[in-house]
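Results of the structural survey
Residue-level listing of the chains:
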Amino acid sequence: MLRPRRRGIASVNAEVRDGIVPAAGSIAKTRDLGPAESGANYRLVALIIASALFMEFVDATVLATALPTMARDFSVRPQEMSVALTSYLLALAVFIPASGSLADRFGSRTVFRAAIVLFVLGSLACGQSRSLEMMVASRFVQGIGGAMMIPVGRLVLLRSVAKQDMVNAMSWLLVPALIGPIVGPPLGGFIVTYLDWRWIFYINLPMGMLGFWLTSRYIANIREDEPGRFDTLGFILSGISLGCLLFGFEMVSRPGEGAIAAGLIAVGVVAGFFYILHARRHEGSILDLALLKDDTFRLSVIAGSITRITQGAQPFLLPLMMQVGFGFSAARSGTITVATAIGSLAMKSFAPRLLRRFGFRRALIWNGVIATAGYAICGLFRPSWPVWTMFCVLALSGFFMSFQFTAYNTIAYDGVDKRHMSSATAFYSTFQQLMLSLGICVAAIALHLAMLASGNETPSLGDFSAAFWVVTSISLTATLWNLRFAPEAGGEISGHVQSEPDGETKREPA
């Protein structure tokens, strides 16, 4: 009897983190080989890593709720605060591919501690920010720490835990990760409403200091004897390209910044072109473009990227609409927007059965349409709607969108052999961050254009509706790519039984 192939930690990490907060994935270039026997403290090691994940998740989800209040303090328009989210995601996209090589060269404990220090220092600087520019720079520092924290944490786990104990260790790791997005929005709403938004960042300080001490005491500093050569030129070119493109698109939504935006986009395109030339000639490039030759991986990257436009925009648009458009308090907004995280968590137990029943291709096609339509309904929200109705719509949207990303994050690696798994997860994780960031940029641009069309100085409910429908319309085009998946794609993973034309059934080939 054919059994569904068990997913690796790479896909699990990605599915837990996707959409609600940035996904880090697994990017190590080292082999996934743990010890023959786990140490006595392996559960504590998993819990230390989980605490870092929890800290990062809570920080990301708390911030979205606080953006309108921060905008008032910085004397900027609320939609201009989108750059505070994209700067963090950009840092993740740029530095995630480098973190595995750094851990191989300097040791996993050294890099993990450095990541915690950077995240804490960035949090402190965010709390002390007196302008949007300082906030953006501080969030970028935070993002560098976050980019290294979770991927290197995964390395620590793989190197510290024997295979027979991995499921137990993963349960310790994933529970705080699942709780973080649920705690974040209401916690952020409470802090902004009853305290000061700066405490959103200050709460990271004691947790980070405790994590640093525990890491120093209980995590070994394992490194590779012969670390591979780091692709310095590829790192520089890809960083310039991603940074310029993302900030260029971000500035399109700002009045009077058109020339600067065009210049940044042009530099990003040129740097991207030179990176492509470099990657074709350089073996072991930081982002391996040869992976796109695999049809399943390529389609998952493209369709998943388009879908992430909506998922990136949603945490930005929803709190703004509820606080600026509806006049809700941050606390009330947070208790409603948490519904997406609850829906996402509820989905986890259904995904294997649904994929086994329908297969990846059919599930991605039809569920993608349903999930996107769910977020399009958010454009119809009005203050007169009952809170429970909005909560249910968001919970169902989170459920279906989380299933969509679970499917993408799993099937992506179906045709990737173990030798290229690290490169594949680096590539995939980078595009996760990039497209979530682009989703925020697209939402900000759509909101700005809607305001121009309606002649509004501050966004109206109609402007928010237009922005929601623009981003969901873009994500709906992922259906065209989902249709290109082979009917048997991922059959070994899902255990899906396909019907023959004559009514008989057959197992998908192993």
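1. Concerning the overall build of the protein chain
When you go through the protein chain residue by residue, the secondary structure sums to 19 helices and two strands. By sequence separation, contacts in the protein chain at least 24 residues apart represent 84% of the contacts at least 6 residues apart.

2. Overview of the nonpolar core
The biggest cluster of nonpolar side chains holds 129 residues, and the ones touching the most others in it are Met 70, Phe 112, Trp 197, Phe 297, Phe 316, Met 322 and Phe 381. Take this core: its biggest share by element is 16 residues, from helix α2 (residues 42-74).

3. Quick look at the environment of Gly 211
The topology assignment puts Gly 211 in helix α8 (residues 204-218). Given the relative accessible area of 14%, Gly 211 is considered buried. Excluding its chain neighbours within four sequence positions, the residues that come into contact with Gly 211 are Ile 48 and Ile 116.

4. Some details on the pattern of salt bridges
Here the structure, examined in full by the defined rule, presents three salt bridges. For Arg 77, the salt bridge is made with Glu 80, and the minimal N-O distance between the two is 3.0 Å. The buried category is assigned to Glu 80, whose relative accessible area is 16%. Across the pair Arg 198 and Asp 196 runs a salt bridge, and its minimum N-O distance is 3.9 Å.

5. Remarks on the packing of aromatic side chains
Throughout the structure, instances matching the rule amount to 14 aromatic pairs. These aromatic residues form a ring-pair network of at least three members: Phe 297, Phe 427, Tyr 428 and Phe 431. The aromatic ring of Phe 328 is capped on one face by Arg 332, whose charged end is 4.0 Å from the ring centroid. The ring of Trp 481 has Arg 484 lying over it, and the distance from NZ or CZ to the ring centre is 4.4 Å.

6. Section: the confidence of the model for the protein chain
Interpretation of this model should avoid reading the predicted coordinates in detail wherever pLDDT is low. Across the protein chain, the average pLDDT comes to 79, with 81% of residues at or above 70. Counted against residues more than four places away or in other chains, residues 1-17, with its pLDDT under 50, gives 51 contacts. A low-confidence stretch, residues 500-505 stays under pLDDT 50, and its non-local contacts, those more than four residues away or across chains, total seven contacts.

7. Things to note about helix α9 (residues 232-252)
Compared with the 30 Å implied by 1.5 Å per residue over 21 residues, the 30 Å span of α9 between its first and last C-alpha is a close match. If you check the start of α9, you find a side-chain oxygen 3.1 Å away from the backbone N of Gly 234, and it comes from Asp 231.

8. Some remarks on the packing of helix α4 (residues 108-127) against α8
For the pair α4 and α8, the least separation of the axes is 9 Å and the interaxial angle reads 165 degrees. Of the possible angle classes, the one that applies to α4 and α8 is roughly antiparallel. Note on packing geometry: the crossing formed by α4 with α8 is left-handed. Contacts between α4 and α8 pair Arg 109, Phe 112, Arg 113, Ile 116, Val 117, Phe 119, Val 120, Ser 123 and Leu 124 from the former with Asn 204, Leu 205, Gly 208, Gly 211, Phe 212, Thr 215 and Ser 216 from the latter. Looking at the contact of α4 with α8 residue by residue, the class counts come to eight nonpolar, six polar and two charged.

9. Here we look at the side chain of Gln 323
Note on placement: Gln 323 falls in helix α11 (residues 295-325). Classification of Gln 323 by relative accessible area gives buried; the value is 12%. Setting aside residues no more than four positions away along its own chain, Gln 323 makes contact with Thr 65, Pro 68, Thr 69, Phe 328, Ser 329, Ala 330 and Ser 333.

10. Comments concerning helix α10 (residues 258-281)
Along an α-helix, residues three or four apart share an orientation, since each turn contains 3.6 residues. Taking 1.5 Å per residue as the helical rise, α10 with its 24 residues ought to reach 34 Å, and the 35 Å between its terminal C-alpha atoms agrees with that figure. Listing the buried residues of α10 in full gives Ala 261, Gly 268, Ala 271, Gly 272, Tyr 275, His 278 and Ala 279. On its buried face, α10 is in contact with α9.

Definitions and cut-offs
Residues numbered from 1 in each chain as written. Predicted model: local features only at pLDDT ≥ 70, side-chain atom pairs only at ≥ 80, totals over all residues. Heavy atoms only, no water. Helix = DSSP H or I, 4+ residues; strand = E, 2+ residues; numbered from the N terminus. Contact = heavy atoms within 4.5 Å. Core = buried A, V, L, I, M, F, W, Y, C linked by side-chain atoms within 4.5 Å. Buried < 20%, exposed > 50% of the residue type's maximum accessible area, 1.4 Å probe, protein only. Salt bridge = Lys/Arg side-chain N within 4 Å of Asp/Glu carboxyl O. Phe/Tyr/Trp six-rings, centres within 6.5 Å; stacked < 30°, edge-to-face > 60°. Lys NZ or Arg CZ within 6 Å of the ring centre and 35° of its normal. pLDDT = per-residue confidence, 0-100. Expected span 1.5 Å × (residues − 1). Polar contact = N/O pair within 3.5 Å; in protein donor to acceptor, adjacent residues only side chain to side chain. Axes fitted to C-alpha atoms, helices over the stretch in contact; angles between N-to-C directions. Parallel < 35°, antiparallel > 145°, perpendicular 65-115°, else oblique. Left-handed = near helix turned anticlockwise from the far one by under 90°. Nonpolar A, V, L, I, M, F, W, Y, C, P; charged D, E, K, R; others polar.

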